[in-house]
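One-letter residues, chain by chain:
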Amino acid sequence: MSLQPTLVAIDLGAESCRISLLEWDNCRPKISIVRRTNNQPQDDGAGGLRWNLDRICNEVDAGLRECAALASKPIDAIGVTGWAVDYVRLNSASKPLSQPFCYRDERNQKALKAVHALIPETELYAIAGTQIQTINTIYQLYADKLAGISASTPWVNLPEYVLHRLGAPRIAEYTNATHTGLVDLEKRAWSAPLFAALGLSLEAAPELVETGMILGTLNCDLRSLPAFANTQLIAPACHDTASAVAGIPVMSSEPWAYLSSGTWSLLGQLLATPLRTSDACARGFTNLGSAGRKILFHRGIPGMWLLRQYLNVWDPARTWDFPELIAEAERLHPPDSLLDLDDPTLGLTGDMAQRINDQRIRRQLQQLPQGHEAAPQYANLIFHSLAARYATLLDDLESLTGRRAARIYAVGGGSRNDYLNTLTAVATGVPVHRCSVESTTLGNFAIQWARLDQTQGSPSLDSIASKAIKLAEAHIS
């Protein structure tokens, strides 16, 4: 590990965006979170649920300028990760045609039905191996078609758009591309038959590239800053979950599971090859690309999104802070009944308290009170429900893969929730190890570092894991 690069990680999150700087202090990594901004979609009324891309890009630019001012050495590379599935349509000058849709927009529900009328779910799963969810890019692109948007209009997913804006070609990094539902996992390429069956344009899709590919040097106004004079652009695992798993500091031969605990909860294991059986499809498991050419095999359910949505309505001023709310929830008795976390209405924006009570009414249970003071009651219900669902998902994983995880590594914001981690360990009977809340950033850095540490090719999982272990020692400020 002679190479000690100075790196920038841009991590676009559906709730917050972060720009971080990696430097070194006497061979010890030092990570500064230079800029963190809240992020959320905006309801444009008839225009749908959209992301404010202009604001995101302005914040990225501001964060990069701050990194340039802080860095004691020239910055070697920049990598970008973000949430999957959402994309930007581009004009001939590579400028956005409009603000991008949010994956939660209700237009996708109609598109999903239309797609499945042409291609059955089982056929889609046999090719792409992705969990059937309205959020997948395949349904969003078809929603565009239903709205009259030309299929030939070029598009690029959000993290790769930021790289493109900084000077990279228009590409689709493999881990992020697999979440579109349009990649043939067997061929590791866009599925031409799927594009043809849906009347989508293969030419409009970005070029697929491997994880860790160097995309050229930064080529925009920021290059005038001395720190960015020779900075390379790297596609890490652009899917934030793939980078988060790459940031887990473990090199172990025993089976282990990862729990990405954030807006979404994702419980799964790394596999050598995709698992696309009818049973895996029926249980809702997905196969996505990971760093090191492995497969992320997991099931996704709503996570901290549930509590955030409750607080958006009933505590908009954020008078509850999370440690206090968790402590109050822990003092309560277990709930009388658990949530059905597979209820699709829980994935929609709006009054989460009412959605939860609607579910309780259907099950002939007493409604819960609503309001600021009731937040701990909802938090307690959500935490117990998540832990119980994790237990059933771990059983499903064992049934499908034939391997029982010996431990669970929790990453993301929810990893700081010791109450939820304890409930999970009790429910699953498996110890839960808390990893860094900034695991996506660590994975982003680890992949960049591993790629710069070799002459060519996509870095191996062992190489990335060795970097992640070293970065786990970092002081993060």
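Scroll up to find the structure this text is about.
Conventions used here
- Residues numbered from 1 in each chain as written.
- Predicted model: local features only at pLDDT ≥ 70, side-chain atom pairs only at ≥ 80, totals over all residues.
- Heavy atoms only, no water.
- Core = buried A, V, L, I, M, F, W, Y, C linked by side-chain atoms within 4.5 Å.
- Buried < 20%, exposed > 50% of the residue type's maximum accessible area, 1.4 Å probe, protein only.
- Helix = DSSP H or I, 4+ residues; strand = E, 2+ residues; numbered from the N terminus.
- Contact = heavy atoms within 4.5 Å.
- Pairing = 2+ DSSP bridges.
- Axes fitted to C-alpha atoms, helices over the stretch in contact; angles between N-to-C directions.
- Parallel < 35°, antiparallel > 145°, perpendicular 65-115°, else oblique.
- Left-handed = near helix turned anticlockwise from the far one by under 90°.
- Nonpolar A, V, L, I, M, F, W, Y, C, P; charged D, E, K, R; others polar.

**Things to note about the nonpolar core**
Inference 1: L267, F297, Y310, F383, L386 and L394 are the most contacted members of the largest nonpolar core, which totals 49 residues.
Inference 2: Per-element tally for this core: the top contributor is helix α13 (residues 375-401), with 13 residues.
Inference 3: Here L386 is in contact with S265, I301, P302, G303, M304, L341 and L420, once residues within four sequence places are set aside.
Inference 4: With 46 residues, the next largest nonpolar core counts V60, A84, V162 and L163 among its residues.

**Regarding the sheet that holds strand β21 (residues 475-476)**
Inference 1: The strand order across the open sheet built from 7 strands is β13-β14-β6-β1-β2-β3-β21, with neighbouring strands paired in mixed fashion. Of all strands in the sheet, those bounded by a partner on one side alone are β13 (213-217) and β21.
Inference 2: Relative to β21, strand β3 (residues 28-38) is paired through 2 bridges, and the arrangement is parallel. From the neighbouring strand, K30 faces β21, where its bridge partner is H475.
Inference 3: Against the sheet, helix α15 (residues 439-452) makes contact with β1 (7-12), β2 (16-25), β3, β6 (77-82), β13, β14 (232-235) and β21, and its axis sits at roughly 140° relative to β1, the strand it touches most.

**Some details on helix α14 (residues 418-428)**
Inference 1: Every buried residue of α14 is listed here: Y419, L420, N421, L423, T424 and T428.
Inference 2: Two residues or fewer past α14, G429 is found with a positive phi of approximately 75°.

**With respect to the packing of α15 against helix α16 (residues 461-471)**
Inference 1: In the contact formed by α15 and α16, the axes pass within 8 Å of each other and the chain directions differ by 125°. Between α15 and α16, the angle is such that the two are oblique. The interaxial crossing formed by α15 with α16 has right-handed handedness. From α15, L442, F445, A446, I447, W449 and A450 reach across to α16, where they touch S463, I464, K467, A468, K470 and L471.
Inference 2: By residue class, the composition of the contact of α15 with α16 is 9 nonpolar, 1 polar and 2 charged.

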